[in-house]
Amino acid sequence: MKNIALGQYYPAKSPLHRLDPRIKVLLALIYICAAAFCKNIIGFGVLLVSALLIVALGRIPFKTIFRSLTPVLFVMLFAVFFQVFFTKGDMLLFAWWKLQIYGEGLYLALFTIVRIFTLIIGTSMFLTYTTTPIELTYAIEDLLSPLKKLKVPVHDFAMMMTLALRFIPTLVEEADKIMTAQKARGADFSTGSLVQRAKALKPVLIPLIVSAMRHAVELAVAMECRCYHGDGTRMVVRKCRFSDIAALIVMIIFLAGIIYLNILGLVYTA
Amino acid sequence: MSEISVENVSFFHGKGTPYEIKALDGVTLNIVPNTITGIIGHTGSGKSTLVELFNGILKPAEGRVLLDGADIWAKPKEIRNVRFRVGLVMQYPESQLFEETIRQDIAFGPRNMGLSEQEIEERVIEAAGFVGLGKDMLDKSPFDLSGGQKRRAAIAGIIAMRPDVLILDEPAAGLDPAGREAIFSNIMEYRKNSGSTVVIVSHSMEDMARYCDRVMVMSEGKLIMNGTRDEVFSKPERLAEAGLDIPQITKLMLLLRERGIEVDTGVYTSERAYEELIRLFKKDTAQSR
């Protein structure tokens with residue numbers, strides 16, 4: 001239960017974990033662009049290799065990665081199905097009754113898989129696995145700070161997000177404790193009809209809401225005691241280091257390379 | 001009388017994740033029926049995990065938990081019956097209160113047992129009586145009570161199931177001295193009347209010394225001492241290894257003994273120390289006369 005609370009974050013010491021979270025958000029965005037723009041078989045090869053490289057850099061076990069890919073498997077299969085059976089081209093490989101499979105369809109299906117795979121690796125490796133949710137919020141606040149000039153309350157939104165994230169583990173832990181306490185009194189959460197199970201949650205939800213309210217009030221008092229009033233004059237001390245800038249430059253070159261390969265239009269272009 | 005025993009039990013928190021912790025490591029023990037057993041240890045020593053194994057809230061990764069010689073996990077579907085026989089009061093149990101009235105809240109456990117309304121009512125009044133909540137309190141909302149009263153109402157919720165073994169995890173945590181005193185005297189009262197086995201988890205040596213017949217000491221997931229109160233407290237060096245200390249008053253007595261004063265060192269409460277010192281004083285004045 002507690003693993004859910006901490007999101008997907010995977011604690012480890014790696015170059016990716018050490019990168020500035022703002023840079024990581026930018027890296028993820030650029031990487032997604034690269035995966036989306038890529039149209040070329042060499043480009044896809046490069047993408048695939050880069051995805052594996054990124055996983056290695058983040059020191060995340062492949063097992064964990066594959067577990068996160070399983071929910072998307074269905075989407076992949078769906079896309080592959082349509083690409084294979086509904087693409088018309090010149091290279092007819094197989095025909096039976098009304099079904100025709102063309103070489104182009106297989107290419108497209110392969111590319112779709114690579115594209116989805118790299119999109120997921122890109123976002124999860126840069127954002128969820130190696131960046132804590134709190135770091136991510138700071139990063140988003142910082143990157144969106146130009147909007148403050150347009151009177152968008154960026155800081156308030158970021159603070160709300162931080163607080164919400166901060167209390168997920170607390171509430172999950174509390175829900176866990178309350179469920180245990182009610183189980184000790186013979187509560188049964190796992191058998192009975194849907195209605196019965198929903199009713200069985202009442203002894204958990206009421207104490208949980210009560211405690212959430214208490215947390216909110218206590219937190220508000222604690223924040224006011226420290227004179228917090230969200231005027232946005234606070235700052236986070238975190239400066240970009242040389243390695244952060246270097247990573248950004250490498251990623252921009254990577255995107256440029258992918259686009260260049262598109263222009264060359266080598267071998268096969270979808 | 002039900003007897004809990006644990007055979008070579010190990011337990012992990014967060015198994016298979018990067019956060020895996022070995023909470024219990026090959027623990028074997030036996031809760032002697034009709035006694036008050038204290039389980040003591042530092043934060044994170046595994047004492048709460050241990051008691052959650054006793055009533056089948058947690059399932060051991062290795063080893064067996066036996067109730068009257070039968071493995072409690074032999075029939076996983078009937079684990080609820082184990083929970084009715086081994087009542088567990090969790091830490092800060094007041095957070096489990098949820099009903100509109102205290103009466104209904106205390107009745108939650110007995111109702112899950114499938115008892116008749118009449119029997120439930122009887123048990124609610126009895127349990128509330130044990131923890132010093134009068135009949136006039138029963139129709140109040142549990143959220144209107146003071147902290148100490150909430151705690152006692154929650155304990156009554158377990159007592160109302162009439163468990164053979166009552167386990168309390170830090171029953172007095174966060175209460176003022178008067179509240180602590182009240183909770184413990186309620187527990188003692190209950191024990192005297194019901195004759196059930198009681199297990200108290202605590203990190204306060206003073207509480208252990210005062211109320212428990214037997215003491216078990218946990219350290220880093222292992223059971224390092226197990227015996228009667230006198231046996232355990234006579235080895236302050238071993239307690240120190242676990243980062244624990246003997247009661248302050250016993251320490252004082254040991255220091256007196258070191259200076260050549262013939263006091264009884266098996267003294268764990270200030271009342272006993274008072275008697276012992278008066279006895280010495282009288283002996284002393286008798287001799288000098």
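Note that the coordinates shown come from a computational prediction; the quantities given were computed from them, not determined experimentally.

In this section: the overall build of chain B. Across its full length, chain B carries eleven helices and ten strands. Seen along its three principal axes, the alpha-carbon backbone of chain B occupies a region of about 70 × 50 × 35 Å. For chain B, the residues scored as buried account for 49% of the 289 residues in total. Relative to all contacts within chain B whose residues are 6 or more apart in sequence, the contacts with residues 24 or more apart total 62%.

Turning our eyes to something else, we now look at the overall build of chain A. Helices and strands together make up the secondary structure of chain A, namely eleven helices and two strands. Reading the secondary structure of chain A in the N-to-C direction produces α-α-α-α-α-β-β-α-α-α-α-α-α. With the C-alpha coordinates of chain A rotated into their principal frame, the extents come out at 70 × 55 × 35 Å. Burial statistics for chain A: of 270 residues in total, 37% are counted as buried.

Residues and elements named next belong to chain A. The N-to-C vectors of helix 3 (residues 21-37) and helix 11 (residues 242-264) enclose an angle of 10°; their axes lie 9 Å apart at closest approach. Our classification of the angle between helix 3 and helix 11 gives roughly parallel. In contact with Ile-23, Leu-26, Leu-27, Ile-30, Tyr-31, Cys-33, Ala-34 and Phe-37 of helix 3, helix 11 contributes Asp-244, Ala-247, Leu-248, Met-251, Ile-252, Phe-254, Leu-255, Ile-258, Ile-259 and Asn-262. In terms of residue class, the contact of helix 3 with helix 11 is built from 16 nonpolar, one polar and one charged.

Take the pattern of salt bridges next. Residue and element names in this part refer to chain B. Applying the stated rule across the entire model yields 25 salt bridges over all chains. Its salt-bridge partner being Asp-68, residue Arg-85 comes within 2.9 Å of it at the nearest N-O pair. Of this pair, Arg-85 sits in helix 2 (residues 79-85) while Asp-68 sits in the loop between strand 4 (62-67) and strand 5 (70-71), placing them 17 residues apart in sequence. Here the residues in one salt-bridge network are Asp-264, Arg-272, Glu-275, Glu-276 and Arg-279, joined through shared partners.

Before going further, it helps to examine the pairing of strand 9 (residues 214-219) of chain B. All names here are of chain B. With five of six residues buried, strand 9 is to be regarded as a mostly interior element. One ladder, built from five bridges, connects strand 3 (residues 36-41) with strand 9; its direction is parallel. Bridge pairing links Gly-38 to Val-215 in strand 9. As judged from the six bridges shared by strand 9 and strand 10 (residues 222-228), these two strands associate in the antiparallel manner. Bridge pairing in strand 10 links Val-215 to Gly-227. Counted along the chain from strand 9 to the antiparallel partner strand 10, the turn is two residues long, and its residue Glu-220 has a positive phi close to 45°.

All names here are of chain A. Enumeration over the complete set of coordinates arrives at zero disulfides over all chains. As a non-bridged cysteine, Cys-33 has Cys-38 as the owner of its nearest cysteine sulfur, 13 Å distant. Of the cysteine sulfurs around Cys-227, a residue in no disulfide, the closest is that of Cys-225, at 8.4 Å.

Next up on the list: the interface of chain A and chain B. In many reports, interface size means the accessible area that the parts give up when they come together. Counting residues at the interface gives 21 residues for chain A, matched by 24 residues for chain B. Around 1900 Å² of area is buried between chain A and chain B when both sides are counted, 64% of it from carbon and sulfur atoms. Viewed at the interface, chain B and chain A are joined by two salt bridges. Between Lys-202 of chain A and Glu-99 of chain B there is a salt bridge, with its nearest N and O atoms 3.7 Å apart. Inspection of the region where chain A meets chain B yields four residue pairs in polar contact (both at pLDDT 80 or more). For the side of chain A that touches chain B, the secondary structure elements donating two or more residues are helix 8 (154-184) and helix 10 (202-225) of chain A. Among the elements that line the side of chain A that touches chain B, the one with the most residues is helix 8 of chain A, at seven residues. The class makeup of the residues in the side of chain A that touches chain B is twelve nonpolar, four polar and five charged.

Attention shifts here to the environment of Ser-10 of chain B. Residues and elements named next belong to chain B. Checked against the element boundaries, Ser-10 lands in strand 1 (residues 4-13). A relative accessible area of 4% places Ser-10 in the buried class. Dropping the residues within four chain positions of it, Ser-10 is found in contact with Lys-22, Leu-24, Asp-25, Gly-26, Pro-60, Ala-61 and Glu-62. Within the structure, Ser-10 has its side chain in polar contact with the backbone nitrogen of Gly-26 (distance 3.0 Å).

Each value, and the rule that gives it
Residues numbered from 1 in each chain as written. Chains lettered and ligands numbered in written order. Predicted model: local features only at pLDDT ≥ 70, side-chain atom pairs only at ≥ 80, totals over all residues. Heavy atoms only, no water. Helix = DSSP H or I, 4+ residues; strand = E, 2+ residues; numbered from the N terminus. Buried < 20%, exposed > 50% of the residue type's maximum accessible area, 1.4 Å probe, protein only. Contact = heavy atoms within 4.5 Å. Axes fitted to C-alpha atoms, helices over the stretch in contact; angles between N-to-C directions. Parallel < 35°, antiparallel > 145°, perpendicular 65-115°, else oblique. Nonpolar A, V, L, I, M, F, W, Y, C, P; charged D, E, K, R; others polar. Salt bridge = Lys/Arg side-chain N within 4 Å of Asp/Glu carboxyl O. Pairing = 2+ DSSP bridges. Disulfide = S-S within 2.5 Å. Buried area = accessible area lost by both parts, 1.4 Å probe. Polar contact = N/O pair within 3.5 Å; in protein donor to acceptor, adjacent residues only side chain to side chain.

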